[in-house]
Amino acid sequence: MENMKEHVDNAENLSARAVSLTESFQDDEQVGSGMSKREARKIRMKSMNRTEIAYMRRQRLFQLVWPFFRFFILFGLCFVILYPLIYMISCAFRDSVDMSDPTVMWIPRTLTLDIIKETAGVMDIWETLKTTLLLNVGCSLIQVASCALAGYGFARFKFKGKGLLFGIVIMMILVPSQIISIPQYMLFRHFGAFGFEVNLINNKLCMYLPAAMGNGIRAGLMIFIFRQFFKGLPKELEDAAYLDGCGPFMTFIRVMIPNAASSFLTVFLFSVVWYWNDYYVSSTFFNKNQTIALMLKNLSTLLSQQLFNNADVSPREQIVWMEAGCLIAILPILVMYIFLQKYFTEGIERSGLVG
Amino acid sequence: MKMAYEKRKSMYGYGFIALWFIGAVIFFLIPVVESLIYSFKEVSPDTGGMVGAWVGLGNYNYAFNVDPNYRQYLVQVLQDTAWKTPLILIFSLFVAVILNQKFRGRTFSRAVFFLPVIIATGPVYNIINGNLQSTGNSDASQFSTMFSTDLLGELMKFLGLYGISDSMQQTIETVSDNIFGIVWNSGIQILIFLAALQNIPVSAKEAAQMEGATAWEYFWKITLPYVSPMILACFIFTIIDSFTDPNNVVMGRILDLQSDWQYGPASAMAWVYFAIVLAAVGVITLIINKFVYYEVE
């Protein structure tokens, strides 16, 4: 604060000093007339008063020390995040005997693929993957489209009752799906109207229908993100399309969607992840459903039924199978994330998360 | 028939949201109202739908006065959320500020910090968290077991914090014990803050540098006001996330009752819980909104 006041007070030298200060901020690679950086800094220091020199010193010291601090902080935190993953990989490839061996910490004594194979067998992996792709990934794709439509409607059109309707979107974010799951179950159990009824339980439609109408898993949040995003796009884009005789719907498809590609990718990733990880909704509407999240949720029961034949296997030894199951379950989205993370991490400023 | 341009545009607006609106009525609004009705009824499933008699506030009475655990669980969840939310917010803002700087390995660190976003919503998180806990590796002691010493204690001694006051030491220990949970629940918040930080205009940064602001002053006078709307957003997101987490005890109790076919009490509990969440979010939004800085454009 004192520094700042001083700058304002000493008005006569203000501009000269300001220039010298900003130069000192930049990494001045090219210093003119063959001076070294150090010499140039010395010359600049001559025209400064004491507080300024002290400020420069502090700034330089900070810039010298901070990278080390930053490295340690980030290293530690990355370790906390990656630790379970490394542990997962380490466990999945070891024999269950290694779990009770105190000398084994990270590197397994016996490397084996058996555990992975056994777990994949118990999870009936190919059938499970097929169901998950058909049901969850399919739903998430459809939901991205339906939510984009609604989000665009809220972002760009004025109509009566818009505030109230958007209130419903906010409610959808706030109300946990657990509250409405039972009325929803009854709805699908006796689906229809005017005396005509079908039982949609165990039918894929009871996940596809809400998704297609923008009411699936976390749909409120997705509509919200899309709305924020479309609000941020320049209005001139559509005006140009309208002038050329394009209707609103074609404008949306031809102009807005191509411009929104990176944000669509982000929302798509979210959507796939949320559907992929969901076990609550699919376990409500299906008596027997083989999605990967559900299989993983029930893995310990499945293991004791199919693999251990109800024999007693200590929880500590079971860890290897559980971790192998986790690895199998997250591997597909992990691979997808690795490919998409460039758009995800660099493109978030355009993802519409900030309004 | 020719409509005015504005009117036609508003009709198109209805067109765009029509699909969602019909869906919301069928799949959201009606179920919400129905579950509210259930909470006043003694219901059981029957062929053709739910049947039951009105019991007035009986289910609410059951939730508070008969159920042995509900009140205690409620307090527990509220307490947990109350101290975890600010920690998650401070932590994620801190990490976002760091990740917004330019340094080597930035892309890698960002990728790692967003990793929980894709994993933490699923059953995987419970399993790895449970497994780590059962092997005693979930908290700060994981470092200690690796280096076979009480690392946290040593660090506190080094900083001169050890043994100043018991309650402070307790606090530090709880926080470090929960570091896993905090880091793993901060993914989306870091993402939101980072996006907000990237939206700070370059002119503001340049002006601050001209005036000779230190990094500390820059954070309080530039960064914080600019991200304050997002602090509110993150705050609400964190609260909703922790309240609706199926792993918290109240949710667990509600789900238990539901699988027991006791829909009436379950709905009543869910609605009390939801009302508390809504009230908490509303009050806090009002308070924070006073401190939020919106740039006038």
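Counting restarts for each chain: residues are numbered from 1 in the order of the written sequence. A letter from A marks each chain and a number from 1 marks each ligand, given out in the order of writing. Reporting in this predicted model follows two pLDDT cut-offs: at least 70 for local features of residues, and 80 or more for side-chain atom pairs to be given and counted; totals over whole chains, interfaces and linings ignore these cut-offs and use all residues. Each side-chain value is derived from all of the structure's non-hydrogen atoms; neither hydrogens nor water enter the calculation.

### Things to note about the overall build of chain A
Each helix is a run of DSSP H or I of at least 4 residues and each strand a run of E of at least 2, with the numbering of both proceeding from the N terminus. For chain A, the count of helices and strands is 17 helices and 0 strands. When a residue's accessible area, from a 1.4 Å probe over protein chains only, is under 20% of the maximum for its type it is buried; when over 50% it is exposed; and in between it is partly exposed. Looking at chain A as a whole, 52% of its 355 residues qualify as buried. By the convention used here, residues are in contact when the closest approach between their heavy atoms is within 4.5 Å. Considering only contacts within chain A whose residues lie at least 6 apart along the sequence, 70% involve residues at least 24 apart. Total accessible area on chain A stands at roughly 17,900 Å², and carbon and sulfur atoms take up 63% of it. Surface accessibility in these figures is a Shrake-Rupley result with a 1.4 Å probe; residues are shielded only by whichever protein chains are displayed.

### Focus on the pattern of salt bridges
Residue and element names in this part refer to chain A. In what follows, salt bridge is the name for a side-chain nitrogen of Lys or Arg lying within 4 Å of a carboxyl oxygen of Asp or Glu. As enumerated under the stated definition, the model contains 2 salt bridges over all chains in all. Ionic pairing is found between Lys130 and Glu127, a salt bridge with its closest N-O pair at 3.9 Å. Of this pair, Lys130 and Glu127 both sit in helix 6 (residues 125-156), 3 residues apart, which is roughly one turn of the helix. The exposure class of Lys130 is partly exposed, given its relative accessible area of 48%. Accessibility expressed as a relative area gives 37% for Glu127, which makes it partly exposed.

### Notes on the nonpolar core
To qualify as a nonpolar core, a set must consist of buried Ala, Val, Leu, Ile, Met, Phe, Trp, Tyr and Cys residues joined through side-chain atoms within 4.5 Å. If you look at the biggest cluster of nonpolar residues, it comprises 175 residues, and the most contacted ones within it are Phe154, Met207 and Phe230 of chain A together with Trp20, Phe113, Val124 and Phe193 of chain B. With 13 residues, helix 17 (residues 315-346) of chain A is the single largest residue contributor to this core. Apart from the residues lying within four places of it in its own chain, the contact partners of Phe193 of chain B are Leu89, Ser92, Leu93, Ala96, Val227, Met230, Ile231 and Cys234 of chain B. Grouped together as the second largest cluster of nonpolar side chains are 5 residues, Ile182 and Met186 of chain A together with Tyr38 and Val43 of chain B included.

### Focus on the interface of chain B and chain A
Contacts between the two partners involve 99 residues from chain B and, on the opposite side, 100 residues from chain A. With both chains or domains summed, chain B and chain A bury close to 9,200 Å², and 77% of this area falls on carbon and sulfur atoms. In short, buried area is how much 1.4 Å probe accessible area vanishes from two parts on joining, totalled over both. Among the residues of chain B in contact with chain A, Phe16, Trp20 and Phe27 of chain B are the three that bury the most area, contributing 10% of the side total. Summed over the shared surface of chain B and chain A, the result is 0 salt bridges.

### Some remarks on the packing of helix 5 (residues 114-122) of chain A against helix 16 (residues 299-307) of chain A
All names here are of chain A. Here the axes come from fitting lines to C-alpha atoms, over the contacting stretch only for helices, and the angles between their N-to-C directions go from 0 to 180 degrees. The interhelical angle for the contact between helix 5 and helix 16, taken along N-to-C directions, is 100°, at an axis separation of 10 Å. Relative to helix 16, the element helix 5 lies roughly perpendicular. From helix 5, Glu118, Thr119 and Val122 reach across to helix 16, where they touch Leu299, Leu302, Leu303, Gln306 and Leu307. Lys, Arg, Asp and Glu make up the charged group, whereas Ala, Val, Leu, Ile, Met, Phe, Trp, Tyr, Cys and Pro make up the nonpolar group; the residues left over, Gly among them, are polar. Each residue belonging to the contact of helix 5 with helix 16 can be placed in one class, and the counts come to 5 nonpolar, 2 polar and 1 charged. Angles are sorted into four bins: roughly parallel if under 35 degrees, roughly antiparallel if over 145, roughly perpendicular if 65 to 115, and oblique for all others.

### Re the side chain of Arg110 of chain B
With respect to the element layout, Arg110 of chain B can be found in helix 4 (residues 106-119). Polar contact criterion, stated in full: a pair of N or O atoms within 3.5 Å, where within protein one must be able to donate a hydrogen and the other to accept it, and residues adjacent in sequence count only if both atoms are side-chain atoms. Within the local environment of Arg110 of chain B, its side chain forms a polar contact with the backbone oxygen of Leu99 of chain B, the two atoms lying 3.2 Å apart.

### Some remarks on a nonpolar patch on the surface
Residues and elements named next belong to chain A. Where nonpolar side chains cluster on the molecular surface, the patch consists of Leu61, Leu64, Val65 and Phe69 and spans about 410 Å² of accessible area. Note that Leu61 resides in helix 4 (residues 50-92). Here Leu61 falls in the exposed class, since its relative accessible area comes to 55%. What makes a patch is a set of residues exposed beyond 30% relative accessible area and free of salt bridges, joined within 9 Å when like-charged and within 5 Å when nonpolar (Val, Leu, Ile, Met, Phe, Trp, Tyr).

### Some points on the confidence of the model for chain A
Residues and elements named next belong to chain A. For every residue, the predictor states its confidence as a pLDDT score lying anywhere from 0 to 100. Chain-level statistics for chain A give a pLDDT mean of 78 and a share of 83% at 70 or above. Looking at the elements of chain A, mean pLDDT is at its lowest for helix 2 (residues 14-25), recorded as 46, and at its highest for helix 6, recorded as 89. Counting contacts from residues 4-29, a segment whose pLDDT is below 50, to residues more than four positions away or on other chains yields 32 contacts.

### A short note on the environment of Leu299 of chain A
Residues and elements named next belong to chain A. One can find Leu299 in helix 16. Spatially, the C-alpha atom of Leu299 lies 7.6 Å from that of Gly325, the residues being 26 residues apart in sequence. Among residues more than four places away in sequence, those in contact with Leu299 are Thr119, Val122, Met123, Trp321, Met322 and Gly325.

### A few points about the packing of helix 4 of chain A against helix 3 (residues 70-99) of chain B
Relative orientation of the contacting elements helix 4 of chain A and helix 3 of chain B amounts to 125°, with a least axis distance of 11 Å. One way to sum up the angle between helix 4 of chain A and helix 3 of chain B is to call them oblique. The handedness of the crossing between helix 4 of chain A and helix 3 of chain B comes out as left-handed. Across from Trp66, Arg70, Ile73, Leu74 and Leu77 of chain A in helix 4 of chain A, the residues of helix 3 of chain B making contact are Phe91, Phe94, Val95, Ile98 and Leu99 of chain B. Its residues placed into classes, the contact of helix 4 of chain A with helix 3 of chain B shows 9 nonpolar, no polar and 1 charged. Each crossing gets its handedness from the near helix: less than a right angle anticlockwise from the far helix is left-handed, clockwise is right-handed.

### Things to note about helix 10 (residues 187-198) of chain B
Residue pairs spaced three or four apart in an α-helix point in one direction, given the helix's 3.6 residues per turn. Residue and element names in this part refer to chain B. Taking 1.5 Å as the rise per residue, helix 10 with 12 residues should run 16 Å; its terminal C-alpha atoms sit 17 Å apart, in good agreement. Of all the 12 residues making up helix 10, 11 are buried; the element is thus mostly covered by neighbouring parts of the structure. Those residues of helix 10 not exposed but buried are Gly187, Ile188, Gln189, Ile190, Leu191, Ile192, Phe193, Leu194, Ala195, Ala196 and Leu197. Expected span of a helix: the number of residues minus one, times 1.5 Å.

### Quick word on unusual backbone geometry
Residue and element names in this part refer to chain A. Even without being glycine, Asp124 reaches a positive phi, approximately 50°. A residue is classified by how much of its surface remains accessible, and Asp124, at 34% relative accessible area, is partly exposed. Positive phi, normally seen in glycine, also occurs at Arg218, with a value near 55°. Within the secondary structure layout, Arg218 lies in the loop between helix 9 (205-212) and helix 10 (219-232).

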